[in-house]
Structure formats: structure tokens, C-alpha cells
Amino acid sequence: VLARLVGLQVVLIVENHGDFEVSLFLQRRVRLPGLYRWLMRRTACFALRHADLLRAVSGSTRQQLEAWAPGKPLVQFPAWTDIEVFLEAGYRDSPRKPIVLYAGVLIPGKGVHHLVRAFANVASEFPEVRLEIVGRDENPDYAKELRREVVRLGLDGRVFFVGEVSQVELAKRMRQACVFVLPSLSEGLGRVAVEAMATGTPVIGSCLGGIPEMVQDGLTGFLVPPGDEEALAERLRWVLEHPEEAEVMGYRAREFARSFFSSEAYLAGYKRLFEMA
């Protein structure tokens, strides 16, 4: 705004990487949520009103931008990921381990508490299986409650909080796991899902945001209603009971991941944005 007032030509590109109307309230407890929501709406309106171009990372974030700023030029392409690290891990012929894996920040919006409870529903049937939770404690109160929930459910020694790891280490853990789970309650794209798929690991994800654009239900993984612990437990049970079919599912997932994202396509997306600007 200031640049335009002094006669400078500025092109503003606004990107939408998540559901800004909902996801903020799923990260932490917000004081005065009504006021906070009003301020967010005012800020979003201000930013989008002054935008010349828009960029979305998924179909759901595109729909949100089209609803808030109809008629604005818009380009859609996925968020960046170093996919080669995960594809390389997928080429390794390493044996699978009885591990259910989650990776991401620990906040309520990721739905990790639903995963812990779903895992508790199948843990007694598969005594060799463990749940690994990889990621930093973005919301310390939530992370503490997760650990207390693990103790309450009698899952000590079955659920492990790994913390933050490098991309290379994450790719290795994904390749070793028999299934990756993304139980989010809000998700713009869910980039970590395609990373897991690139390692040849089937994914169970919530049917929301950009996850259904990556996970084909019954082919490369499974989609479950967000927060539905029974449905999630049932899909976990299927994967653990059918390791050979799950391996084939993971192979299809890796083939999809190779076609879904590439560095060349990512650069082409920004090249198009800059040319439009």
C-alpha cells in the first residue's frame, strides 16, 4: 500500500497453505476466540483485496481463495518437498517393521489423540506392533496430555515419542514402517502424506483438505472421516492383517508420488506466477 502511494509498481502474490478460517483454532487454545476470528477475517480480507495474484497448494485451498476473492487470477501447485530423499529411500529393499508411524507437529489440529486411541483399540491383537510419533512439541500442553493419555491407556512401551528428525532420518523411518497415518482435523495439503507414499508406504489419512487429492481410497491407502477412531482402528487392523496386500498398495503409492510432485513442476509453477506478475 505504501509503495503504491509513492508511485512504485508492486505486484502482490498471496499464497494459501491451509484453512486459515479453522486451522488456527486447532493449534492452541485461543483467548477471546470471537475477537480473534473477527481480526483474522479482517486481515484476510485486507490481504486478498490488495492481492494481484493468488496461489493455492490444493483443491481445498483453491476453493477457499475463490470464495474469498472471486475472479482473482489463481495458480495451483503443491507445496515444496525434497521428494528425491523419499524416493531414494523407497528404492531400498529393506524389510518392513511392525511400526505405525505419524510425523508432524504435535498440535490438536493434527488429531494425534485420535490415532493414539485408535491404536489402543488394536494394540492387544498385535502385541509386536508399536506406534512411533515423530515431531516437535509445537503445543507443549497438548504434547503432555498425549503422553498422559498413553499412560492412561496402558500403552507404555508401545507408543514412542521420537521428537524432530532430519529429512533423511524421516525417510528411513517411513520406509521401515508398515503404514503411515495422518489423522488431521484440518489440512491444507498434507505434504507429509506424499512423502510417505514416495517411500512405498501406504497411508491412512483423514478425508479432508488436500489429502484425498493424494490418497486413493483402497488403492494407495485409506481415507477415514476425521476424528472417527473406530474407522481408523479398522483400517489399521486391515493393514496389519494383510501385509502383502499393503505392500502392493505401497508400491502403487510410490508410483503416484513420483507423478504427483517433481522439482521441475514446482519451478514451473513459480515461473508461471512470475510471468503473470
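Residue numbers run consecutively from 1 along every chain, following the written order of its sequence. In view of the model being predicted, local features appear only for residues whose pLDDT reaches at least 70, and side-chain atom pairs are presented and counted only at 80 or more, with totals across whole chains, interfaces and linings using the full set of residues. Side-chain descriptors were evaluated using all non-hydrogen atoms of the structure, hydrogens and water having been removed beforehand.

**Looking at the pattern of salt bridges**
Let me state the cut-off plainly: Only one rule defines a salt bridge in this text: a Lys or Arg side-chain nitrogen within 4 Å of an Asp or Glu carboxyl oxygen. Counting from the N terminus, the helices are DSSP H or I runs at least four residues long and the strands are E runs at least two residues long. Residue exposure (1.4 Å probe, protein chains only): buried if accessible area is under 20% of the type maximum, exposed if over 50%, otherwise partly exposed.
This model, assessed by the stated rule, comprises 23 salt bridges. A salt bridge links E15 to R55; the nearest nitrogen and oxygen atoms lie 2.9 Å apart. With E15 in strand β1 (residues 13-16) and R55 in strand β2 (residues 53-56), this pair connects stretches of sequence that are 40 residues apart. The exposure class assigned to E15 is partly exposed, which follows from its relative accessible area of 29%. Of the charged contacts in the structure, one is a salt bridge between R92 and E88, with a shortest N-O distance of 3.9 Å. Take E88: its relative accessible area is 48%, and that puts it in the partly exposed class.

**Notes on the environment of A265**
Relative to the elements of secondary structure, A265 occurs in helix α12 (residues 263-276). Distance from A265 to M174, taken between C-alpha atoms, is 24 Å for residues 91 residues apart in sequence.

**Some remarks on a nonpolar patch on the surface**
Let me state the cut-off plainly: Residues enter patches when they are more than 30% accessible in relative terms and free of salt bridges; like-charged ones are connected within 9 Å and nonpolar ones (Val, Leu, Ile, Met, Phe, Trp, Tyr) within 5 Å. Computed with a 1.4 Å probe, the accessible areas rest on the Shrake-Rupley method; for each residue, only the protein chains presented here act as cover.
A grouping of V1, L2, L5, V6, L8, V10 and F46 is seen on the molecular surface, where their side chains present a nonpolar patch of about 750 Å² in accessible area. With respect to the element layout, V10 can be found in the loop between α1 (2-5) and β1. Taking the relative accessible area as the measure of exposure, V10 reaches 37% and is therefore partly exposed.

**Notes on the packing of helix α10 (residues 229-241) against helix α11 (residues 243-260)**
Test applied: Helix axes are fitted only over the stretch in contact, all axes being lines through C-alpha atoms; the angle between N-to-C directions runs from 0 to 180 degrees. Any angle between 65 and 115 degrees counts as roughly perpendicular, while under 35 counts as roughly parallel, over 145 as roughly antiparallel, and the rest as oblique. Contacts were defined at the residue level, with two residues in contact if any of their heavy atoms lie within 4.5 Å. The nonpolar class holds Ala, Val, Leu, Ile, Met, Phe, Trp, Tyr, Cys and Pro. Asp, Glu, Lys and Arg form the charged class, and all remaining residues, Gly among them, are polar.
Two elements in contact, α10 and α11, have axes separated by 5 Å at closest approach and are oriented at 100°. Relative to α11, α10 is oriented roughly perpendicular. Here α10 contributes W238, V239, L240 and E241 to the contact with α11, which in turn contributes P243, E245, A246 and M249. Within the contact of α10 with α11, the residues separate by chemical class into 6 nonpolar, no polar and 2 charged.

**Here we look at the nonpolar core**
For clarity, the cut-off: Residues belong to one nonpolar core when they are buried, are Ala, Val, Leu, Ile, Met, Phe, Trp, Tyr or Cys, and are joined through side-chain atoms within 4.5 Å.
Counting 73 residues, the largest nonpolar core has F180, I204 and L236 as the members making the most contacts within it. Broken down by element, this core gets its largest block of residues, 7 residues, from helix α5 (residues 112-123). Leaving out residues up to four positions away in the same chain, F180 has contacts with L101, Y102, A103, M174, V192, A193, A196, T201, P202, V203 and I204. With 8 residues, the next largest nonpolar core counts V14, L48, A51 and L54 among its residues.

**What to know about the packing of aromatic side chains**
The test is simple: Pairing of aromatic rings covers Phe, Tyr and the six-membered ring of Trp, with a centre-to-centre limit of 6.5 Å; geometry is then stacked below 30 degrees between planes, edge-to-face above 60, and tilted otherwise.
Scanning the entire structure with this criterion turns up 11 aromatic pairs. Ring centres of F77 and Y270 lie 5.0 Å apart, and the angle between their planes is 75°; this geometry places the pair in the edge-to-face category. A residue pair is termed long-range when its members are at least 10 positions apart, and F77 in the loop between β3 (74-76) and α4 (83-91) and Y270 in helix α12 qualify at 193 residues. Accessibility classification places F77 together with Y270 in one group, the buried group. Between F222 and W238, the aromatic rings sit 5.2 Å apart at their centres with planes inclined by 80°, giving edge-to-face as the arrangement. With F222 in strand β9 (residues 221-224) and W238 in helix α10, this residue pair connects regions lying 16 residues apart in the sequence. A relative accessible area of 6% means that F222 is categorised as buried. Taken together, the ring pairs connect F77, W80, F261, Y266, Y270 and F274 into an aromatic cluster.

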